[in-house]
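The primary structure of each chain is shown beneath.
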Amino acid sequence: MKRVVVGLSGGVDSSVTAYLLKEQGFEVIGLFMKNWHDDSVTISNECPWLEDSNDAMIVAEKLGIPFQVVDLSNQYKERIVDYMFDEYSKGRTPNPDVLCNREIKFDVFMDIALKLGADYVATGHYCRKGSEIINGKPVYKLLGGKDKNKDQSYFLCQLSQKQLTKAMFPIGELTKPEVREIAKKADLITAEKKDSQGLCFIGKVRLPEFLQQKLQPKEGRIINIPKDFSQYTTLIPKFISKESELAYFSTKFSYNEEDGKVLGKHQGAHYFTKGQRKGLNVGGTKEALYVIETNVDTNTIYTGEGKNHQGLYRNVLFVSNEEIHWIREDLTLKIGETLEVEARIRYRQVLEKATLHKVASGLYVAFENKQSAIQEGQFVAWYKNEELLGSGVIS
């Protein structure tokens, strides 16, 4: 009998994952990951992980499977939290959920599971796994979930063939309502439980509050850039090569404080990200204000009025060689090669047509349509026919 370790988070998705595997005749073990116990940073006065681990334990008892809590808070702090603060202090926007899957669930956690003699590790992600024999050996594929509203393949965009070999996603063929229905029929305590928002596995933490406790507030100016800013209307030069054209369009606009007018003050550029609309606390503009750029060196935030402000849009982004990751290693592009794909730069974004261009220094992703708020530090993921082929950190 094959043994599967399920990451039980105390939510409905992982509960149903464990239930389905048990029904399918696997030997199932439930593990709850405790990823936080740093009291110097208060996350909230309630203790969500206690409540969640309790729910996970009740589900395990109901299913009659062994259950234990594993404490991964040291690894989580080193690999996720420290990295996040470092990225934010540089003015970049990391994606903790993508990292949590690559570094914690399918690495540290997977090692623990394998030591327990597991053949597979299962999670409650809405995605599917496929495989195909290519050149005589199995190649694993990461496919989008059947529930288009909940497809979570993006969060797994950094997984490797080795990690996928051992992974199982039992609810990938189901929709969220179907999952809740199964939980109800099986009388699982989590059937009606709300989905957790907040950091992966830390529970109900709100990012700005979390950041404010580690990154000191520092007053700076909010500068509003007019719609007719000179760089938006400069003539496009003639290009000597496709690469110089891509380089030109992937370069973001640069602003100085003299380029616009001061609208107000903020408490730290590192708390803001591109495309953000809330939290500026500045009134008196005709249209809503959006953050179009931040500069952590000068501690300045640049805003633009309206969601069609040109400062928000670009259609080319760049990923440096160190940051390119192919799930399908067999499809890795060589210098000079291109690939037509569909891509997204954030979770839940509709897939958009794009072309990958491999150059000596990295990879350009050229979208057919301009994309709003391309943010350094975030992940771009590219797909073909529902299959996630690879991803990279936007530089």
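What you see is a predicted model, and the numbers here were worked out from it, not measured in a lab. (Residues numbered from 1 in each chain as written. Predicted model: local features only at pLDDT ≥ 70, side-chain atom pairs only at ≥ 80, totals over all residues. Heavy atoms only, no water.)

**Brief notes about the sheet that holds strand S8 (residues 220-224)**
Using the following cut-off: Two strands form a pair only when DSSP identifies at least two bridges running between them. We count a stretch as a helix when DSSP gives it H or I for four or more residues in a row; a strand needs E for two or more, and each element gets its number in order from the N terminus. Note on geometry: axes are lines fitted to C-alpha atoms, helical ones only across the stretch in contact, with angles between N-to-C directions running from 0 to 180 degrees.
Pairing is mixed across the open sheet formed by four strands, whose spatial order is S9-S8-S11-S10. Edge strands, defined here as strands with exactly one partner in the open sheet, are strand S9 (261-266) and strand S10 (289-295). Across this sheet, the average inter-strand angle for adjacent strands is 30°, counted without regard to direction. Summarising the sheet, S10 and strand S11 (residues 300-305) pair through six bridges and their orientation is antiparallel. Among the inter-strand pairings, threonine 294 is bridged to a residue of S11, identified as isoleucine 301.

**Observations concerning helix H6 (residues 176-185)**
Condition: Type-normalised accessible area, obtained with a 1.4 Å probe on protein chains alone, sets the label of each residue: buried when under 20%, exposed when over 50%, and partly exposed for intermediate values. It is the directions from the helix axis to the C-beta atoms whose arc is reported. The contact criterion used throughout is that any non-hydrogen atoms of two residues lie within 4.5 Å.
Lys176, Val179 and Ala183 are the residues of H6 that are buried. Buried residues in H6, looked at end-on, bunch into an arc of 60°, giving them a common side. Opposite the buried face of H6, by more than 90 degrees, sit the exposed residues Pro177 and Lys185. Contacts made by the buried residues of H6 are with helix H1 (12-23). Of the residues trailing H6, aspartate 187 is marked for its positive phi of about 60°.

**Observations regarding unusual backbone geometry**
Although it is not a glycine, asparagine 299 adopts a positive phi angle of roughly 55°. Positionally, asparagine 299 belongs in the loop between S10 and S11. Owing to a relative accessible area of 6%, asparagine 299 belongs among the buried residues under this scheme.

**Observations regarding the sheet that holds strand S1 (residues 3-7)**
Spatial ordering of the open sheet is given by S3-S2-S1-S4-S7, a layout of five strands whose pairing is parallel. Strands with a single pairing partner mark the edges of an open sheet, and in this sheet they are strand S3 (67-71) and strand S7 (167-168). In terms of strand pairing, S1 meets strand S2 (residues 27-34) through five bridges, oriented parallel. Looking at S2, one finds that valine 5 is bridged to isoleucine 29. Where helix H4 (residues 96-115) meets the sheet, it contacts S1, S2, S3, strand S4 (120-122) and S7, and its direction lies at approximately 125° from that of S2.

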